[in-house]
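Spelled out, the chains give:
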Amino acid sequence: MLSEKLDLGKLKRSEREHTTTYGSRYFSESIPKYEMPEDGMPAKAAYQLIHEELNLDGNPALNLASFVTTWMEPEADQLIMDTMGKNYVDNDEYPQTSKIQDRVVNMLARLFNAPHECKSVGTGTIGSSEAIMLGLLAHKWTWRQRREKEGKPADKPNIVMGADVHTVWEKFARYFDVELKLIPLTRDHYTITARDVAQEVDENTIAVGAVIGTTFAGQMDPIKEINDLLVDIKKTKGWDIPIHVDGASGGFVAPFIFPDMEWDFRLEQVKSINVSGHKYGLVYPGVGWIIFKDKSDLPEDLIFDINYLGGLMPNYSLNFSKGSSTIIAQYYNLIRLGRKGYKDIMTNMFDNTLYLAGELENSGKFELINKNIIVPLVAVTLKNADFTVFQLSEKLREKGWIVPAYTLPADAEDVAVLRIVVKENFGRDMVEMLLEDLMEAYHKLEKEGPKAVKESNPTLLY
Ligand SMILES: Cc1ncc(COP(=O)(O)O)c(C=O)c1O
């Protein structure tokens, strides 16, 4: 055996432990995978082993699939490290952290134009998914309380939304036993209309879901029109149906780029909004926000007072313990960037998005499906190609680019798109390089010809 020839066995294990990290035995043994080892290993060896293994992950800077922030300023990194050990839920022990989260809630309520007479409330969450569940639960409670007060049955709640919503909405309906009234999309129209909503709502509708910045195509449901419809229904039929706006992506974009667009608390029936701090809020993963227009939109029944961590703490969340650092990092961004800082970053992202979209359209090979760009992303279909967007996505992966391909939800499943999310650290230089590689991949596939056509969809959408 080669190892005998080299006489590796002669070096005693104990001698090799007092050497460099790469000279230690841990680098010529398998890493523990199934059972916790009896003895540990030096910190440097453990670090380096895991660090090397993680190189197999994609490069976050080239991950154009995810909306989630991959870069923050070093000062934010420092604050995050400083606060890693603080449990967000222990607000009696960490009262300042709790005050900071309240400040963020206040700032967001104002950013979303809550009327002055309202007392907005809200909380930090692990992401938009938890925030959406909390918002919709509140509406389910309010609806049930109202029905019971009126002496009417409250056993058949339903929720109305388009198939353009993120899966978390469908999850809510299933987990919390609410009938899902999902409005299908149509080819060439990837959002819902107020007319669709009018056909679905009834006295058992706990809320209508509307999205600003859809996951699939970055578009926006006609929130103002849906609001006007619901105001009308309230007047004529007496059904007070709230809108929950899913601003996971658009909530941190529209206030800076489209300040005059009415989609938020300016609209009468918009009672709650969620936003992902970790998307265009520009914070690393692990933070979302749910904001209620007014205290009365969050039934007190759902708020738990916990006393065993010290003082009396009001708690409205699905999970309990979690880190504080992303909440702190959100506050850092808000005061560090201010409205102008966010606007400058968003403006660059839009410039780059428009440039990318324009180049792709001008090539004659792609068709833009989000012509009305609401959030900085580009979603395109292929025009007359002998291959699929899935193959193009795979080819780009060879160069390190992570660009997802997927089919749209029902009834537009026959539309397969390639989606590129433009983040703050994806500057013009990177856009140009992506375009070059995208075109090269396109020409290679063209040369390979139709025999290579394959219908796989390996990329998960999130
Ligand atoms: C429109 C929309 N809603 C909700 C979510 C879920 O958000 P989170 O990942 O913050 O839980 C996403 C995620 O991409 C989304 O795009």
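Owing to the predicted nature of the structure, the values given are computational and were not obtained by experimental measurement. (Residues numbered from 1 in each chain as written. Predicted model: local features only at pLDDT ≥ 70, side-chain atom pairs only at ≥ 80, totals over all residues. Heavy atoms only, no water.)

Colleague: Explanation requested: the pattern of salt bridges in the structure shown.
Modeller: Side chains carrying opposite charge are able to pair once their charged atoms draw close together. Throughout the structure, instances matching the rule amount to 15 salt bridges. The salt bridge partner of Asp 264 is Arg 266, with a shortest N-O separation of 2.8 Å. By relative accessible area, which is 1% here, Asp 264 ends up buried. Here Glu 440 and Lys 444 are joined by a salt bridge, their closest N and O atoms 3.5 Å apart. Of the two residues, Glu 440 and Lys 444 both sit in helix H13 (residues 428-448), four residues apart, roughly one turn of that helix. One connected set of salt bridges, linked through shared partners, spans Lys 399, Asp 437, Glu 440 and Lys 444. (Salt bridge = Lys/Arg side-chain N within 4 Å of Asp/Glu carboxyl O. Buried < 20%, exposed > 50% of the residue type's maximum accessible area, 1.4 Å probe, protein only. Helix = DSSP H or I, 4+ residues; strand = E, 2+ residues; numbered from the N terminus.)

Colleague: So what exactly am I meant to see when it comes to the nonpolar core here?
Modeller: Nonpolar side chains tend to gather and get buried jointly when the protein is soluble and globular. Counting 106 residues, the largest nonpolar core has Leu 360 and Leu 392 as the members making the most contacts within it. The contact partners of Leu 392, leaving out residues within four places of it in the chain, are Phe 366, Leu 382, Phe 387, Leu 418, Leu 438, Ala 441, Tyr 442 and Leu 445. Ala 131, Ala 138, Ile 159 and Met 161 belong to the second-largest nonpolar core, a separate cluster that totals 24 residues. (Core = buried A, V, L, I, M, F, W, Y, C linked by side-chain atoms within 4.5 Å. Contact = heavy atoms within 4.5 Å.)

Colleague: Would you take a moment to explain the sheet that holds strand S7 (residues 288-292) for this structure?
Modeller: Hydrogen bonding along the main chain pairs the strands of a sheet, whether they run parallel or antiparallel. Taken in spatial order, the seven strands line up as S1-S7-S6-S5-S4-S2-S3 in an open sheet, and their pairing is mixed. Looking along the sheet, the strands with just one partner apiece sit at the ends: strand S1 (121-125) and strand S3 (179-183). Taking each pair of neighbouring strands and ignoring which way they run, the sheet shows an average axis angle of 20°. Pairing analysis gives five bridges linking strand S6 (residues 270-276) to S7, with the strands arranged antiparallel. Residue pairing across strands places Ser 272 opposite Phe 292, the latter belonging to S7. Across the sheet, helix H5 (residues 95-111) lies against S1, S6 and S7, angled at about 60° from S7, the strand it touches most. (Pairing = 2+ DSSP bridges. Axes fitted to C-alpha atoms, helices over the stretch in contact; angles between N-to-C directions.)

Colleague: I would appreciate a short explanation of a negative patch on the surface in the present structure.
Modeller: Taken together, Glu 359, Asp 429, Glu 432 and Glu 436 make up a surface patch of like negative charges. Looking at the negative patch, the element that brings in the most residues is H13, giving three residues. On the basis of relative accessible area, Glu 432 is assigned to the partly exposed category, the value being 38%. (Patch = residues over 30% accessible without salt bridge, like charges linked within 9 Å, V, L, I, M, F, W, Y side chains within 5 Å. Areas by Shrake-Rupley, 256 points an atom, 1.4 Å probe, with all protein chains shown as cover. Lys, Arg positive; Asp, Glu negative; His and termini not counted. Charge placed at Lys NZ, Arg CZ, Asp CG, Glu CD.)

Colleague: What is the right way to look at the site of the ligand in this model?
Modeller: Lining the immediate surroundings of the ligand are 15 residues, of which Ser 128, Ser 129, Asp 246, His 278 and Lys 279 lie closest. Ser 128 is positioned with one of its backbone polar atoms (N or O) 2.7 Å from an oxygen atom of the ligand. Between the ligand and Lys 279, the relevant distance is 2.9 Å, taken from an oxygen atom to a side-chain nitrogen or oxygen of the residue. Considering each element in turn, the shell around the ligand owes the most residues, three residues, to helix H6 (residues 128-149). Partitioned by chemical class, the residues of the shell around the ligand number five nonpolar, eight polar and two charged. (Near = heavy atom within 4 Å. Polar contact = N/O pair within 3.5 Å; in protein donor to acceptor, adjacent residues only side chain to side chain. Nonpolar A, V, L, I, M, F, W, Y, C, P; charged D, E, K, R; others polar.)

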